Structure formats: C-alpha cells, structure tokens
Amino acid sequence: MKELLTGPGEIGLIVLRTLVVYAFILVGFRLSGKREVGQLAPFDFALILLIANAVQNAMVGPDSSLVGGLVAAAVLLVANSALGHLAANHRGIEKLLRGKARMLVYRGHVDEHALQAERISHGELLQALRENGCASVADCRLAVPEVDGTISVLTGAPAAGPHGATHGEARG
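The shown structure was predicted, so the numbers you read here are calculated from the model rather than taken from an experiment. (Residues numbered from 1 in each chain as written. Predicted model: local features only at pLDDT ≥ 70, side-chain atom pairs only at ≥ 80, totals over all residues. Heavy atoms only, no water.)

This part is about the overall build of the protein chain. Summing up its helical and strand segments, the protein chain has six helices and five strands in all. Traced from its N-terminal end to its C-terminal end, the protein chain shows the element sequence α-α-α-α-β-β-α-α-β-β-β. Partitioning the intrachain contacts of the protein chain with sequence separation of at least 6 by distance along the chain shows that 53% fall at a separation of at least 24. With an accessible surface of roughly 11,000 Å², the protein chain has 64% of that area assigned to carbon and sulfur atoms. (Helix = DSSP H or I, 4+ residues; strand = E, 2+ residues; numbered from the N terminus. Contact = heavy atoms within 4.5 Å. Areas by Shrake-Rupley, 256 points an atom, 1.4 Å probe, with all protein chains shown as cover.)

Here the focus is the state of the cysteines. What the rule picks out here adds up to zero disulfides. Here C134 is not disulfide-linked; the sulfur of C140 is the nearest cysteine sulfur, at 4.7 Å. With relative accessibility at 2%, the residue C134 sits in the buried group. (Disulfide = S-S within 2.5 Å. Buried < 20%, exposed > 50% of the residue type's maximum accessible area, 1.4 Å probe, protein only.)

Laid out in structure tokens, this is it:
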C-alpha cells in the first residue's frame, strides 16, 4: 500500500520540484529555437525522451508512489494550461514564450540573420517557397516562420483575394 500513497509533506516538495524542472525545460527549448514538435528531427525527439527520463527523479525525488507520479503529472498539466492562458491574454508573455516574428524573405531578398536565428536552412526555405508557388526567391514577396512551425509565404503575383495577395503555408 505504501507504493500507492505519499505523505502531505512530500506532495509540496513534488510540486516545487516539478515546477522547477518544467521552467528549466521551457527555457531550454525556448533557447534551442524549436517551436513545434513538427520541427523536430529524430535526434531532437530522442533528446526529449532522454530528458524526460533524466528529470523524472528530479521531479518526484525518492517518492515512487502512484500519488507522487500523479501529482507531478497534474502539476505539469496545470502549469502548461496556465502558461497557455497567460500567453493568450498577455502579449508580453506570449512574445516571451513564443518569440518574435522574423521576415525570412522580403521582396525577393533573403535575410541571412533571420534564417540563422530561426535555425532554418536555405534548403528548407527553398522547399517552402516551391510548395507555395515561388520558383525562386525573387518570386517571393514575403516569407515568415509561424509559431506552429510552418512558413507562411506571400507570392509576388497578386491574387484575386481582398488584399491582392496569395497566402500559403508549408512545413519549414
């Protein structure tokens, strides 16, 4: 029965440890520049699995009870939901968590610094442009990485839309 339960004093420690680990992981992923799971290479995904295994004991400590694990999981879910809510309602927090938008291409010219900052290769950029009907960089009016990992592209040729531009998205 001891494996199922934990003491009230341990719960507070588990909450604190879990929040510290969560904040550390958030900062780490924010600094790595990855925005979405869809952007992860296989080695990035392996890293996530290894980190999860490495920090498990840091969150629950010597407590291997069912309640201890459930408390850690609940804290992660609540913290993630709270951050999502804060980001949705406060622009400053959203900008801090998600970063700022950078133009990768503007009027046919590639911003090399933006590509490096977003960790997007020329090949990935060119693929996104081709997927959106731009045969070359010169055909692109604007290319911007979105928070979901896509690259939005405005082509140089105006469309019949209300603002005279075409818009497409591709995985970047």
